[in-house]
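Observations on chain architecture
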Amino acid sequence: MTTIKDAGAPVALPLDTILAGDCIEAMQGLPAASVDLIFADPPYNLQLKGELHRPDNSRVDAVDDDWDRFDSLKTYDAFTRAWLTEARRVLKPDGAIWVIGSYHNVFRLGAALQDLGYWLLNDVVWRKSNPMPNFRGKRFTNAHETLIWASRSEGAKYTFNYEALKALNEGVQMRSDWTIPICTGHERLKDDNGDKAHPTQKPEALLHRVLVGTTKPGDVVLDPFFGTGTTGAVAKMLGRSWIGIERDAGYRKVAEARISRVRKFDREALEVSTSKRAEPRVAFGVLVERGLLRPGEELWSLSGRHKAKVRADGTLIADDVKGSIHQVGAHLEGAPSCNGWTYWHFRREGQIVPIDYFRQQIRAEMQAG
C-alpha cells in the first residue's frame, strides 16, 4: 500500500490489487491525483441482436454479456461521463489516459473526453492481423479498433518515451497505426470448461507498447475494466504498479491466477532508450567556467574548413560572426540551423574530439550526484 494525502487526510492506495465492484464507486474511494496512467477498455455497447453463426452454422462466441448491454445511447453516455469524470479526478496533473473502442462507441468516448476537459494527444488504429471475418457478408470485416490517448488537460505534461518506441520499431518513428494480432493460442485464457475466459481479452503486445511508450518504471497504472488482467500482468512484468477494478468474480479469479504467475523483469531489462531532451541541460558556458575549454582556444569543424575562437562568456567568434556555438556553426555552413555540440571539435594530443565529450562528462557528474 502507498499512502497519499487526499484533502488533508492520508488515504491508502491499494497497489497491485484487484478491487471488486463497480468501477465508478471504486474510483470514488481512491485519492485524487494518485495514478499516473489509466488504460480503459470499457463496454463497447455492441447491442447484438440474436446469435451470430458461421457459414457452417457453428455459433460465434461473440460479446453478449450483461455488462455490455445498455437500455439506450443516453444511458451509455451517462455511464461513460460518470466513469471518465472519476478517472480524471484520480489522474495526476501530468497523468494520461488510454481508452479503446470500436466504431460502436469510440466516437462517443472521444466526445465525452473532450467535453470533460481532457486533451486528445493521438488516436491509434490497432490493425488486427488476424481479425474475425464478417460471416454475414453484409459489411466490411471489422479489422481494427481505435485507441484514444489523452492528457488530463490542455497544456499538461505527460510521459512519452519517443526513443523507446522508435527502438521498438527498428529505429523508425512509431506511427499511429499498429499491426498486432488478436489473442490466440497460448495467450488466450480459458475457463474451467475450456471456453474463452473473456470474449474481448486484449493481447499483451498492445499493453506492452502502451506502457513502454507512456509510463516509467514505478508509475501507477489503473485499469477500471480489468477483465482477466492483461494490464496488470504487463504492468507487473515492466515494473509498474497497478490497480484493477472488476465486478465479475469469475474474471477476478482468472486475473489473480494469471498475475500470480508473472515474473517482473530485472532492473537492467526495464531501462528504455531516452530522448536527448530528457537529459540534464548543460550550457556551453559551463565548459568555459569549469576550465574544460579556455577563452581564446580554437574550435574546428569536423571537416577542418572552419574554425572559431572561444570567448569568456561562452560565445564564439569567427571571421565576421559572433554568437552561440549553434549560431556560428549555422552561419559558417550557410544553414538554417546547426547542432554546435556535434559540429565543433577541439584538439588534444593530436586528436579531434567533439565538444559534446565534455557535455556528457558533466551530465554524468550531475546524474551521479
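Residues numbered from 1 in each chain as written. Predicted model: local features only at pLDDT ≥ 70, side-chain atom pairs only at ≥ 80, totals over all residues. Heavy atoms only, no water.

- For the chain, an unreviewed UniProt entry supplies the name Methyltransferase and the organism Wenxinia marina DSM 24838.
- Under the heading Sequence similarities (unreviewed entry), UniProt records this for the chain: "Belongs to the N(4)/N(6)-methyltransferase family."
- If you open the UniProt record of the chain and go to Catalytic activity (unreviewed entry), you find "a 2'-deoxyadenosine in DNA + S-adenosyl-L-methionine = an N(6)-methyl-2'-deoxyadenosine in DNA + S-adenosyl-L-homocysteine + H(+)". (UniProt positions renumbered as here; feature names shortened; annotations may be inferred.)

1. Comments concerning the packing of helix α6 (residues 230-237) against helix α7 (residues 249-260)
- At their nearest, the axes of α6 and α7 sit 9 Å apart, and the two run at 15° to each other. Between α6 and α7, the angle is such that the two are roughly parallel. Seen along the crossing, α6 lies across α7 with a hand that is right-handed. For the pair formed by α6 and α7, the contact residues are T230, G232, A233 and K236 on the first element and R258, I259 and S260 on the second.
- Per-class residue counts for the contact of α6 with α7 are two nonpolar, three polar and two charged. (Axes fitted to C-alpha atoms, helices over the stretch in contact; angles between N-to-C directions. Helix = DSSP H or I, 4+ residues; strand = E, 2+ residues; numbered from the N terminus. Parallel < 35°, antiparallel > 145°, perpendicular 65-115°, else oblique. Left-handed = near helix turned anticlockwise from the far one by under 90°. Contact = heavy atoms within 4.5 Å. Nonpolar A, V, L, I, M, F, W, Y, C, P; charged D, E, K, R; others polar.)

2. Some details on the packing of aromatic side chains
- One pass over the full model with this rule turns up 12 aromatic pairs.
- Pairing F79 with F225 gives two aromatic rings, centres 6.2 Å apart and planes at 65°, and the pair type is edge-to-face. One end of the pair, F79, is in helix α2 (residues 73-90); the other, F225, is in the loop between β9 (220-223) and α6, with 146 residues separating them in the sequence.
- Assessed through its relative accessible area of 16%, F79 is described here as buried.
- A residue is classified by how much of its surface remains accessible, and F225, at 16% relative accessible area, is buried. (Phe/Tyr/Trp six-rings, centres within 6.5 Å; stacked < 30°, edge-to-face > 60°. Buried < 20%, exposed > 50% of the residue type's maximum accessible area, 1.4 Å probe, protein only.)

3. Quick notes on the pattern of salt bridges
- Taken as a whole and assessed by the stated rule, the structure comprises 13 salt bridges.
- A salt bridge links K202 to D41; the nearest nitrogen and oxygen atoms lie 2.8 Å apart. Within this pair, whereas K202 is found in the loop between β8 (177-179) and α5 (204-214), its partner D41 is found in the loop between β4 (35-40) and α2, the two being separated by 161 residues in sequence. Like D41, K202 is buried.
- For R359, the salt bridge goes to D356, with nearest N and O atoms at 2.6 Å. Of the two residues, R359 and D356 are both situated in helix α12 (residues 356-368); the distance of three residues between them amounts to about one turn of the helix. (Salt bridge = Lys/Arg side-chain N within 4 Å of Asp/Glu carboxyl O.)

4. Comments concerning the side chain of K128
- Locating K128 in the fold gives a position in the loop between β6 (119-127) and β7 (144-151).
- The exposure class assigned to K128 is buried, which follows from its relative accessible area of 14%.
- Polar side-chain contacts of K128 include one of 2.7 Å to the side chain of E145.
- The contacts of K128, once residues within four sequence positions are left out, are A143, H144, E145, I180 and I182. (Polar contact = N/O pair within 3.5 Å; in protein donor to acceptor, adjacent residues only side chain to side chain.)

5. Here we look at the confidence of the model for the chain
- With 87% of its residues at a pLDDT of 70 or more, the chain has an overall mean of 86.
- For residues 48-64, every residue scores under 50 in pLDDT, and the model assigns this stretch 27 contacts once sequence neighbours within four places are set aside. (pLDDT = per-residue confidence, 0-100.)

6. Some thoughts on the sheet that holds strand β11 (residues 298-301)
- If you walk across this open sheet you meet the six strands as β14-β13-β12-β11-β15-β16, and the pairing is antiparallel. The sheet terminates laterally at β14 (321-323) and β16 (351-354), the two strands that pair on one side only. Ignoring strand direction, the axes of neighbouring strands in this sheet form an average angle of 35°.
- Here strand β15 (residues 344-348) pairs with β16 via four bridges, running antiparallel. Each residue of the ladder has a partner; that of R348, found in β16, is Q351. (Pairing = 2+ DSSP bridges.)

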